[in-house]
Each structure stands twice: as structure tokens, then as C-alpha cells.
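Survey of secondary and tertiary structure
The primary structure of each chain is shown beneath.
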Amino acid sequence: MTDATDAVTTPTPRRKPKPEITTIGGRPLKPSTLMMGHGYDPALSEGSLKAPIFLTSTFAFENAAAGKRHFEGITGKRPGGAEGLVYSRFNGPNQEILEDRLSIWDGAEDALSFSSGMTAITVMMLAYCNAGDVIVHSGPLYAATEGFVAKVLSKFGITYVDFPAGATREEMDAVLAKAKSQADEHGGKVAMIYLESPANPTNALVDVEAMSAARDAAFDADGPPIAIDNTFLGPLWQRPLDQGADIVVYSLTKYVGGHSDLVAGSIAGAKKWMDPVRALRNTMGGICDPNTAWMLLRSLETVELRMQRAGENAAKVCAFLRDHPKVEGLGYLGFISDPRQQDIYNRHCLGAGSTFSLFIKGGEAEAFRFLDSMTIAKLAVSLGGTETLASLPAAMTHLSVPDERKAQLGITDNLVRISIGIEDPDDLIADFDQALAKV
Ligand SMILES: *Cc1c(COP(=O)(O)O)cnc(C)c1O
């Protein structure tokens, strides 16, 4: 029998979570099943079925020796990293559950969450690059990523070499050779190969398998990691770690968050690729906050349902738009005309997504009339939410891009960017139909 005094003076040791069950009879459980409970043990939180939001800046040590052990792990004095939770700039229960569940979707060993997609990208690049180093990247990239590489990293003596998303193996070999000699010149190394596929707003796909082979041919075992921004098709329609990428990058703001109500980001991959980034995140901050992590746990329970529905809706809407007399063309991964791009799609993609370019016959005036006539679709940038969004890149997100570069990228005044949501597909088609009639 313990009495009240015993309970105060003899603290019960911290309970460990129960072991995770990820297979039944040798059969691995699917991500959609694991999203409901993986990484969380209700017994550790008063039986609460759902994880509470842990609003705390710091975590109490069991005793002084445990405190020392934690800091030996954090500072690298003891191998193996931190044991348990110490301080909320490093990690927290909600973020740990989120990171465990994000890893599952991409088949990754480890994942890190961030306060935005751009925080994930910038902390990762800073973790890998020293002065003199070179980043090789596909183009075009998300504008803020391109700007960070060209305008911010350059301040620290880090340069880049870029290549068009649709490049062949031969072109990749040439770009890696150029990057190596540039790095030699600057007394650095090729620090990272950074891809974005499909590219925005062209939807051009990068051959990740070819880049992985080109990297292996050009470098010894300690070659640069290949990171890829998988925001447009992940986690459902593309799993780049399967094609030889090392790090998968997300703006969770888009399909994963999926409700246009949060901003967050993540990276995932083998622990050895995550460790340097985790160390810099510990120093700089930038981890996702507990409330946002909790919202993302809710989002992950339905991410497959939402993306499946959005993908089906996009296929129906695009089938309607394809032959419409007011439509000049479609940039949709379901209707690829280039055989090389189709080949990459067949090897890399599990679905065409729900974000595409719609070319309206005419110019900006016709595109504006179309956008202003839409009733269900909201006029906003971003993508991957439950609601359908439409925007005009040339006049909005890409307004400051020089005309010559815009022409090179095929960003014309009549290119409308569409992200299809999970509304009723026939309602969406009726809306596109009446808006096109007004053009
Ligand atoms: C939105 C987006 C980002 C940036 O993510 P934030 O969460 O807005 O910081 C990066 N890459 C792609 C492809 C995106 O669409």
C-alpha cells in the first residue's frame, strides 16, 4: 500500500510508450492506417484518445544525472543524440508524433518539421553548404527558393549551377562536371543537388533516377545528397526516395495541411542526412509549433482521402476543359504530349495531381474575365487545399520575373493556375463552363 506521502517522495519512473505495431502477421500496415495512432500512446496522457497539445517551453528532468545525460546527447559529448525531451526549441511531443507519421508516407527513417516550407528549405541548405561550395539545382524553382540560393547564399560565397527540369542524363552529367570545376575554382565542394518536380508553373518533371545515377557516376561514396521538393505531388502521388533521392522536402502548407489554414514544412530521409539539419534547427530554431503540429496530425488522418478526391476531380475537370473552344491548352500531368516527360511520369508518378495550368484563348483581359467570373473557385495563390483556387502567375506570383525569363518558362499572360479541391466535380465543371462562356 502506498500512502499520499509515498506518492510525493517516491516519484514513479517515467513510463515508456508501448511498442509500435506496424505489421499484422508480417503484413506491413499502410500509412492511412498508421495515421490514426502511430507514435502516440494514450496511457501516457491520461488515456486521452487524441494527443493533447503540449504547450510548454521546457521539460522536467527525472533527476540531475538525467539532465546531464540529455545535454551530453544534445552537445555531441555522448553519441546517439538527445534522450527524450529537453526544451521546446529542440522538439516536443506533438512534433515528434508528426515527424514519426511524416516519415511513414515517404518510407523515410527520420523526418524534421519546420515553421514553414521555406524554413525547412533554408535551414537544410545552410546545414549543408560552406563558403566556396556549389549547389546544383533544377529550374525553375519555387521563387523564394530560387531567390534564397541566388541572393542570400551568394552572400556567404555559395554559388549555384542550374539546369532545366526536363534535362537528359547527358545534360545532367555535363552540369555536374561544370559544378565540380566551379567548386574546385572556389575551393569548395558540390554540397547539394536540389530538385523540384514537377516544376511550378510549367509542371515539367525531373528524371530523379537519371540524376541519382549521374551523381553516383560523378562522385565517390561521399557525394552530395539529392534533395527534392515534393510539395506538388507528395506524399500520395510521388515517392522520390524510391527513385534515388536522399531527402524529400515539403511545404506542408499545401496538400498535407490541406485546409488552407496553416503554414508549415518538413524534410525526411535517412537519419544521417537529417542529423546535420536537426543540429542547425536546434541552434537556429524554426521547428513547427505544437498547435500547428496538432493540426497537421488531424490533416494526416485524411490526406489520402482528400488527395484521392482532388485528383479524381481534376481528371474530370481537365477532361471537360481539354476540348473546350475557349481553351488554348492545358498543362496537366494527365495529358502529357512529350514522350520523354511521359516516360519520367510513368517511372516516378502514381497520379497526375490536382494542380495544373489552363491557357485561356486570348491574353490578360480574357484571363481576368474568366477569373472574375468564377463563383466556386476562390481567387488566391497557394494550392492543395480542400477548396479550388485560381490565380494568374504572370500578373501575381511571377509579376516581378523579367519578361525574357517569363517567356523562357512559358509563363504567358493567358496562363491561369488552378488547384482543384474536393468539391462536387459536376458543380466545378458547371462553374468552369459558365466562367468560360463569359470570356
Ligand atoms: C509553397 C511552396 C513552398 C514554400 O512553402 P511555405 O510553406 O509557403 O514556406 C516551397 N515549394 C513549393 C513547391 C511550394 O509550392
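Cut-offs and rules
- Residues numbered from 1 in each chain as written.
- Predicted model: local features only at pLDDT ≥ 70, side-chain atom pairs only at ≥ 80, totals over all residues.
- Heavy atoms only, no water.
- UniProt positions renumbered as here; feature names shortened; annotations may be inferred.
- Phe/Tyr/Trp six-rings, centres within 6.5 Å; stacked < 30°, edge-to-face > 60°.
- Helix = DSSP H or I, 4+ residues; strand = E, 2+ residues; numbered from the N terminus.
- Buried < 20%, exposed > 50% of the residue type's maximum accessible area, 1.4 Å probe, protein only.
- Lys NZ or Arg CZ within 6 Å of the ring centre and 35° of its normal.
- Contact = heavy atoms within 4.5 Å.
- Pairing = 2+ DSSP bridges.
- Axes fitted to C-alpha atoms, helices over the stretch in contact; angles between N-to-C directions.
- Near = heavy atom within 4 Å.
- Polar contact = N/O pair within 3.5 Å; in protein donor to acceptor, adjacent residues only side chain to side chain.
- Areas by Shrake-Rupley, 256 points an atom, 1.4 Å probe, with all protein chains shown as cover.
- Nonpolar A, V, L, I, M, F, W, Y, C, P; charged D, E, K, R; others polar.
- Salt bridge = Lys/Arg side-chain N within 4 Å of Asp/Glu carboxyl O.

The protein chain is annotated in an unreviewed UniProt entry as Cystathionine gamma-synthase family protein of Allopontixanthobacter sediminis. Of the comments in the UniProt record for the protein chain, the one headed Cofactor (unreviewed entry) reads "pyridoxal 5'-phosphate". Under Sequence similarities (unreviewed entry), UniProt gives the following word-for-word description of the protein chain: "Belongs to the trans-sulfuration enzymes family."

Right, let's talk about the packing of aromatic side chains for a bit. Across all of its chains, the model carries 7 aromatic pairs by this definition. Both rings, one in Tyr-128 and one in Trp-273, keep their centres 6.3 Å apart while their planes meet at 50 degrees; by these two values the pair is tilted. Pair noted here: Tyr-128 is in helix α5 (residues 117-128) and Trp-273 is in helix α9 (residues 271-284), with a separation of 145 residues, a long-range link. Taken individually, Tyr-128 and Trp-273 each receive the classification buried, so the pair is uniform in this respect. An aromatic cluster of three or more residues is present, and its members are Tyr-332, Phe-335 and Phe-356. Seen from the ring of Phe-219, Lys-180 lies directly overhead, with NZ or CZ sitting 5.1 Å from the centre. When the ring centre of Phe-114 is taken as reference, the NZ or CZ atom of Arg-281 above it lies at 5.7 Å.

With that out of the way, let us pick up the UniProt feature "modified residue: N6-(pyridoxal phosphate)lysine" (unreviewed entry) in the protein chain. In this numbering, the UniProt entry assigns the feature "modified residue: N6-(pyridoxal phosphate)lysine" (unreviewed entry) to Lys-254. Under the relative-accessibility criterion, Lys-254 is labelled buried at 11%. The residues contacting Lys-254, other than those within four sequence positions of it, are Tyr-142, Thr-231, Ser-382, Leu-383 and Gly-384.

With respect to topology, 7 strands assemble into an open sheet ordered β3-β9-β8-β7-β6-β4-β5, the strand pairing being mixed. Each edge of the sheet is formed by a strand with only one pairing partner; in this case those strands are β3 (110-114) and β5 (159-164). Mean inter-strand twist for the sheet, computed between neighbouring axes without regard to direction, equals 20 degrees. Relative to β3, α9 is tilted by about 30 degrees, and along the sheet it contacts β3, β8 (247-251) and β9 (265-269).

Every one of the 14 residues lining the ligand counts as a neighbour, but Met-118, Asp-229, Ser-251, Thr-253 and Lys-254 are closest to it. One of the backbone N or O atoms of Gly-117 is found 2.9 Å from an oxygen atom in the ligand. The contact in question runs from an oxygen atom of the ligand to an N or O atom on the side chain of Lys-254, over 2.7 Å. Relative to its free-state accessible area of 380 Å², the ligand is covered by the protein chains to the extent of 92%. At 3 residues, the largest contribution of residues to the shell around the ligand is made by α5. When its residues are assigned to classes, the shell around the ligand shows 6 nonpolar, 5 polar and 3 charged.

Using the criterion set out here, one finds 14 salt bridges in the structure. Across the pair Glu-301 and Lys-50 runs a salt bridge whose closest N-O atoms are separated by 2.6 Å. Residue Glu-301 is found in helix α10 (residues 290-322), and its partner Lys-50 is found in the loop between α2 (31-34) and α3 (64-75); the two are separated by 251 residues along the sequence. Glu-301 sits in the partly exposed class, given a relative accessible area of 26%. Classification of Lys-50 as partly exposed rests on a relative accessible area of 39%. Where Asp-133 meets Lys-189, a salt bridge forms, and the shortest distance between an N and an O atom there is 2.6 Å. With Asp-133 in the loop between α5 and β4 (134-139) and Lys-189 in the loop between α7 (169-185) and β6 (190-196), the pair connects residues that are 56 residues apart, well separated along the chain. The exposure class assigned to Asp-133 is buried, which follows from its relative accessible area of 2%.

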